[in-house]
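Spelled out, the chains give:
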Amino acid sequence: MEPRIGSKNGKLWSKETTKSSLHQTQHKFSRMMSDDNRDTFRNVNRKPGLQIWTINNMQMVPVPAQGFGNFFEGDCYIVLYISQNKAGSGQSADIHYWIGNSSSQDEQGAAAIYVTQLDEHLGGSPVQHREVQGNESPRFRGYFKNGLIYKKGGVASGFHHVDTNVYNVLRLLHVKGRKHVTATEVEVSWNSFNNGDIFLLDMGKAIVQWNGPQSNRREKLKAVLLAQDIRDRERGGRAQIGLVEGGDEQDSPELMKVMTAVLGQRTGQLKEAVPDDKPNKAQSTNVRLYHVFENSGNLVVQEVATQPLTQDLLHSSDCYIVDQRGSSVMVWKGKQASKEERREALNRAVGYIKAKNYPSNTSVEVMTEGGESAMFKHLFKSWRDKGQTQGLGTTYSPGKIAKVDQVKFDVMELHARPELAAQQRMVDDASGDVKVWRIENLELAEVNPSTYGQFYGGDCYLVLYTYQRSGQQQYIVYMWQGRHATKDEITACAYQAVNVDNKYNGAPVQVRVVMGKEPRHFLAIFKGKLIIFEGGTGRPGVVSPDGGARLFQVKGTNELNTKATEVLARASSLNTNDVFLLKTDHICYLWYGKGCSGDERVMGRAMSDVLSKQDKQVVMEGQEPSEFWVALGGKAPYASDKRLQREEPPHSPRLFECSNQTGQFRMTEVDDFAQSDLDEEDVMLLDTWEEIFLWVGNSANQYETKEAWNSAQEYLKTHPAGRDPDTPIIFVKQGYEPPTFTGWFNAWDPHKWSDLNNTSLSKSPAGIGGGGYQAPGGPMSSPPVYRFHGGDLSPRPSTPTSPSTQRTSMTVSPSSSFTPSSSAGGTVSPSAGGSGMYLDPELLINKSPSELPQGVDPSQREDYLSDVDFENLLGTSRSDFKRLPKWRQSDLKKKAGIF
């Protein structure tokens, strides 16, 4: 269909002018539909897991598990992923149809029709996704942890997905990506190589991995895992893997002979690095909702609203399109919509993309009412799932957090059940130690403990909270920023937080708290005595001007969730659902709104004792004395709706990778995330709606860390749901994650980082560890690489090498195991560095002075590192490191294990 789109009476409308190719495909398809196809649907496995079909002669043909991750460019595929909801409350399903760049229109049309029928077969609840080669969604790529392989040709051409244990293979795979890896078959020639990427020369019995000189450690590791996956799944674990560093090919002469024999002699320079995967399109701040319907044979697309969207705009009897300015198109099908409308939803989305002249690879999602994706819900100001309660009580966040009852916290249960801590935003029961400082003259000044909990809008405060978990001290540093504090004070507050952080060796979690947006745990640590004064200062000796009557709104039902906030002393500030304290020169009134509970009144009484030593007088709404109204400047209308105030509904959390590895800062979403997706070399942003976590990997560079702070604030400002820009931002370092963070991840392993730190791509045997990698569908692989034992390639003689590019010899053998080789005592080479030589980092890291090589100054171990190892370990260049203050240098050295 080539639709025409225009404007008529304020509507966007599209009219078919010719018979569409899709309808022609449907006609062909109906003639070819057979009992075998119906059997295909009947035999769909409803157990959690992945199922894949390809379209062959207009029929769905299952792909064997060994072929998962291999996609022919000339074909179309249907991918079904069924997952068990975390709380055991049923299953959810996603159906993807993947379009190869060289696939035919007939195949694309057949795949779309099959997707619609499969959706109906599964009850209409799955979310449908349209995937285009090279532009797959994070969710789709997440199914294939070791990467996607794009293969030339197609099944119709006689190709097969996988022939296990067949070795007459010769292909060159161009590997790209750090988080989501793709490998594309390219011409087997040196002309296909470039300096920035990784290439796998697959010769059947041997696979040689060539690392571009500008590729990084993460990319190399991902390519190793892909090579091992090919070996284990396609070669039965019998192929051999060798590695060549493109910048030091002379260190692997035997492997270079093999590559030259296959590729020929290389002439000229290799091409420069090709930019990595394009970053995710920026979060669109132009989100529009359209109503889609038929009118006299015409498809009408009528604009309903622009952001921020609200859930009540969606009606069960209709279908809608949500357009993020072309970055993605989502279709929502109401449960009461006609069968024809529901069936045509995917086709209409594709037609809409054409009508708007959007790129053909625009992301498309189709979902049914009640089965909305997390990304769809995030586009709405608020979202409430069916059966979800309002106000306090039981809540359920589908797919992530189990059922939670808001009860008195048991600290042992919070530590035993991090998912509870995450849902309630509480690391413990608030019984730890509190220390408070105020920023005075840009320095820290201790606050008198008798006034803890009193915060003035003209000040900034630093709050250090200390608690125990598993017998170890844990720390949180809150940076509270008053609304009327100066920029210098806010900057000094952040600077002093870094000093406190350094005092505790980087262990504290840092939380930015904007006045009025205090997180739950912050309220709890002040035990129902938190009072926020609109202005002024708490500095001793400073007399606040007498402003007359002051009015405070008290919210909360117990000492863990209560605070009093100063509001304008006017009658219009009152709210029938709350307790208010009116403090005058002679008396303190406790005003109880008709909608407040008994618990709220008790907390209001307790708060009045903290706020004022004067006499108290209880005033019930509707029975106010005249003096009460006089103090407020006279009667005036105020909020008197007695409906229960809505609790902010839970949203599924979203994880983003923040990286500048490609030379520009970008944020990439990680779908269906797990702890393994936290990249040590990057900063990760976890959005739990109430809070934003910035997780900083040990190897993240300073630029990424700095940009992440800015990007977190930009993320909130530009969020299509109109998010509060003052949402708390929590800074978490790798290895010091609180349960409010870990609880959003399934099966969090607190020892994972120490295990990973014992694994290295190119270090000595001590750095490899005894674990190994598990390749899906194959046996346990041995530790990766770098030497084959015996066999077809003769071992090269051991020669001294630079530890920064320490290469190990490799020879092919029937064995699939690898062990790294290096000289026993480490390798010393001349260097341009100040010490005159540099060493293998393994000889310097986490060693006592007595264990260091002779002549090494224990306090200057960094001088013995090559420039490459220096930057890898410390996350900054040698020249930038020298410009840092001493405390920062020490901090980096401690983290690298060379202090």
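Everything discussed here concerns the structure shown above.
Worth saying up front: this structure is predicted, and the values here are computed from it rather than measured.

Rules behind the numbers
- Residues numbered from 1 in each chain as written.
- Predicted model: local features only at pLDDT ≥ 70, side-chain atom pairs only at ≥ 80, totals over all residues.
- Heavy atoms only, no water.
- Helix = DSSP H or I, 4+ residues; strand = E, 2+ residues; numbered from the N terminus.
- Buried < 20%, exposed > 50% of the residue type's maximum accessible area, 1.4 Å probe, protein only.
- Areas by Shrake-Rupley, 256 points an atom, 1.4 Å probe, with all protein chains shown as cover.
- Phe/Tyr/Trp six-rings, centres within 6.5 Å; stacked < 30°, edge-to-face > 60°.
- Lys NZ or Arg CZ within 6 Å of the ring centre and 35° of its normal.
- Salt bridge = Lys/Arg side-chain N within 4 Å of Asp/Glu carboxyl O.
- Pairing = 2+ DSSP bridges.
- Axes fitted to C-alpha atoms, helices over the stretch in contact; angles between N-to-C directions.
- Contact = heavy atoms within 4.5 Å.
- Disulfide = S-S within 2.5 Å.

1. So, the overall build of the protein chain
Regarding its fold elements, the protein chain presents 21 helices and 40 strands. Counting the 899 residues in the protein chain, one finds 54% classified as buried. Summed over all atoms, the accessible surface of the protein chain reaches about 39,100 Å², with 49% contributed by carbon and sulfur.

2. Things to note about the packing of aromatic side chains
Taken as a whole and judged by the stated rule, the model has 36 aromatic pairs. Taken together, a centroid distance of 5.8 Å and an interplanar angle of 50 degrees make the contact between F71 and F140 tilted. Highlighted residues: F71 in strand β5 (residues 70–72) and F140 in helix α4 (residues 138–142), separated in sequence by 69 residues. Ring centres of Y589 and F628 lie 5.5 Å apart, and the angle between their planes is 90 degrees; on these two criteria the pair is classed as edge-to-face. In this pair, Y589 sits in strand β32 (residues 587–592) while F628 sits in helix α15 (residues 626–631), placing the two residues 39 residues apart along the sequence. Across the pair, exposure class does not vary: Y589 and F628 are buried alike. Taking the ring centre of W190 as reference, the NZ or CZ of R266 above it sits at 4.6 Å. Positioned above the aromatic ring of W689 is the side chain of R723, whose terminal nitrogen or guanidinium carbon lies 3.9 Å from the ring centre.

3. As for the pattern of salt bridges
Enumeration over the complete set of coordinates arrives at 25 salt bridges. One salt bridge in this structure joins E303 and R288, with 2.9 Å as the shortest N-O distance. Of the two residues, E303 sits in strand β16 (residues 298–306) while R288 sits in strand β15 (residues 288–295), which places them 15 residues apart along the sequence. Classification of E303 as partly exposed rests on a relative accessible area of 34%. For R288, a relative accessible area of 27% translates into the label partly exposed.

4. Describing the sheet that holds strand β30 (residues 563–567)
The seven strands lie next to each other as β24-β28-β30-β29-β31-β32-β33, forming an open sheet whose pairing is mixed. The open sheet has two free edges, formed respectively by β24 (454–456) and β33 (615–620), since each of these has just one partner strand. Across this sheet, the average inter-strand angle for adjacent strands is 20 degrees, counted without regard to direction. Sheet topology note: the strand β31 (residues 579–583)/β32 ladder contains five bridges and is antiparallel. For L582, the partnering residue across the bridge sits in β32 and is Y589. The sheet contacts of helix α14 (residues 598–611) involve β24, β28 (530–533), β29 (550–555), β30, β31, β32 and β33, and relative to β31 the element is tilted by about 20 degrees.

5. Observations concerning the state of the cysteines
Think of a disulfide as a covalent bridge from one cysteine sulfur atom to another cysteine sulfur atom. In the structure shown here, the tally under the stated rule is zero disulfides. No disulfide involves C493; its sulfur sits 5.0 Å from the nearest other cysteine sulfur, which is in C460.

6. As for the environment of P720
Looking at where P720 falls in the secondary structure, it is placed in the loop between α16 (702–718) and β38 (729–733). You can call P720 buried: its relative accessible area is 3%. Along the backbone, P720 and Q324 are 396 residues apart, and their C-alpha atoms lie at a distance of 8.9 Å.

7. Considerations on the sheet that holds strand β12 (residues 198–202)
In space, the seven strands of this open sheet follow the order β5-β9-β11-β10-β12-β13-β14, with mixed pairing throughout. Edge positions in the sheet fall to β5 and β14 (240–245), since each has one partner strand and no second. Put simply, the sheet's adjacent strands are angled 25 degrees from each other on average, direction ignored. The pairing of strand β9 (residues 148–151) with strand β11 (residues 182–186) spans three bridges and is parallel. The residue bridging L148 from the neighbouring strand is T182, located in β11. Against the sheet, helix α5 (residues 217–234) engages β5, β9, β10 (171–176), β11, β12, β13 (206–211) and β14, with an angle of about 20 degrees to β12.

8. Digging into unusual backbone geometry
Excluding glycine, residues mostly have negative phi values, and the peptide bonds linking residues are mostly trans. Phi angles above zero are rare outside glycine, and A430 is one such case at about 65 degrees. The topology assignment puts A430 in the loop between α11 (418–424) and β22 (433–440). Of note in the backbone geometry, K527 takes a positive phi value of approximately 55 degrees without being a glycine. Residue placement: K527 occurs in the loop between α13 (520–524) and β28.

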